[in-house]
Amino acid sequence: MSWQPYEELPDQRQSLVGADVEGEEVVLIRAISRKPYRCPNCGKEVSIGADHVVVRRSHPAREIKHTHWHRACVDDSLRYTLTRLRPIPAGQSTEAALDRRYAPGKGGSNRVRRR
């Protein structure tokens, strides 16, 4: 899978949205840790104050809505499993904005449309 044309990870101004291998929408959001998290890729701690990436999946049936990844782990592993990555304004990737987007009955789809 190609990481182009958006080789940069999310920053303060923009997040990235794409699709996983199942076609579910995935949003990559830049964050600063306020508490310790465990990176699902390497199993090591994302320490307090660390610049990292929150990976939010749109599937409403999953208990875990988001995970916290080291930026290097996203760059080394996750990015190769995502397709159709495109930037979106950071304001569209806040927790409240994503909750509204995927709320039942709002007409939002959690599947990425294929062209």
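Summary of the structure given here.

Overview of the environment of R101
Point 1. Tracing the sequence through the fold places R101 in helix α2 (residues 95-101).
Point 2. When its relative accessible area of 31% is taken as the criterion, R101 is described as partly exposed.
Point 3. Through-space distance from the C-alpha of R101 to that of S58 is 9.3 Å; in sequence the pair is 43 residues apart.

Quick word on the layout of surface pockets
Point 1. Estimated volume of the largest pocket: approximately 490 Å³.
Point 2. Around the largest pocket sit 20 residues that line it, and I29, R30, A31, V54 and E95 are the ones nearest its centre.
Point 3. Mapped onto the lining of the largest pocket, the elements with two or more residues apiece are β2 (25-32), β5 (51-57), β6 (66-70) and α2.
Point 4. Looking at the lining of the largest pocket, the element that brings in the most residues is β2, giving four residues.
Point 5. The residue makeup of the lining of the largest pocket, split by class, is seven nonpolar, eight polar and five charged.

Quick look at the nonpolar core
Point 1. Residues L28, V55, W69, V74, L78 and L82 are the most contacted members of the largest nonpolar core, which totals 15 residues.
Point 2. For this core, the secondary structure elements donating two or more residues are β2, β5 and α1 (71-76).
Point 3. The next biggest cluster of nonpolar side chains, apart from the first, holds seven residues, and it includes V27, I29, A31 and V54.

Focus on the pattern of salt bridges
Point 1. In the structure shown here, the tally under the stated rule is five salt bridges.
Point 2. Ionic pairing is found between R30 and D51, a salt bridge with its closest N-O pair at 3.3 Å. Linking R30 in strand β2 with D51 in strand β5, this pair joins segments that are 21 residues apart in sequence.
Point 3. Across the salt bridge formed by D75 and R79, the nearest N and O atoms sit 3.2 Å from each other.
Point 4. The class of D75 is partly exposed, set by a relative accessible area of 28%.

Notes on the pairing of β2
Point 1. By the criterion of burial, β2 is predominantly enclosed, with six of the eight residues buried.
Point 2. Pairing between strand β1 (residues 14-19) and β2: four bridges, direction antiparallel. Bridge pairing in β2 places L16 opposite L28.
Point 3. Here β2 pairs with β5 via seven bridges, running antiparallel. Each residue of the ladder has a partner; that of A31, found in β5, is H52.

Conventions we followed
Along each chain, residue indices are assigned from 1 in the same order as the chain's sequence is written. Residues qualify for local features only when their pLDDT is at least 70, as the model is predicted, and side-chain atom pairs are given and counted only at 80 or more; totals for whole chains, interfaces and linings, by contrast, use all residues. Only hydrogens and water are set aside when side-chain values are computed; all heavy atoms of the structure are taken into account. Helix and strand assignments follow DSSP, with helices taken as H or I runs no shorter than four residues and strands as E runs no shorter than two, numbered in order from the N terminus. Here's how the labels work: a residue is buried when its accessible area is under 20% of the maximum for its type, exposed when over 50%, partly exposed in between, all with a 1.4 Å probe on protein chains only. Space inside and on the surface of the protein is sampled on a 1 Å grid over the protein atoms alone, with a cavity defined as a set of points where a 1.4 Å probe fits but cannot get out and a pocket as an open set with protein on both sides within 12 Å along at least 5 of 7 lines; lining residues have an atom within 4 Å of a point. Grid points are joined across faces, edges and corners, and a volume is the space filled by probe spheres set on the points. Following the grouping adopted for this structure description, the nonpolar residues are Ala, Val, Leu, Ile, Met, Phe, Trp, Tyr, Cys and Pro, the charged ones are Asp, Glu, Lys and Arg, and the polar ones are all others, Gly among them. Among buried residues, the Ala, Val, Leu, Ile, Met, Phe, Trp, Tyr and Cys ones that are joined through side-chain atoms within 4.5 Å form a nonpolar core. Here, a salt bridge means any Lys or Arg side-chain nitrogen found within 4 Å of an Asp or Glu carboxyl oxygen. Here a strand pair is declared whenever DSSP counts at least two bridges between the two strands.

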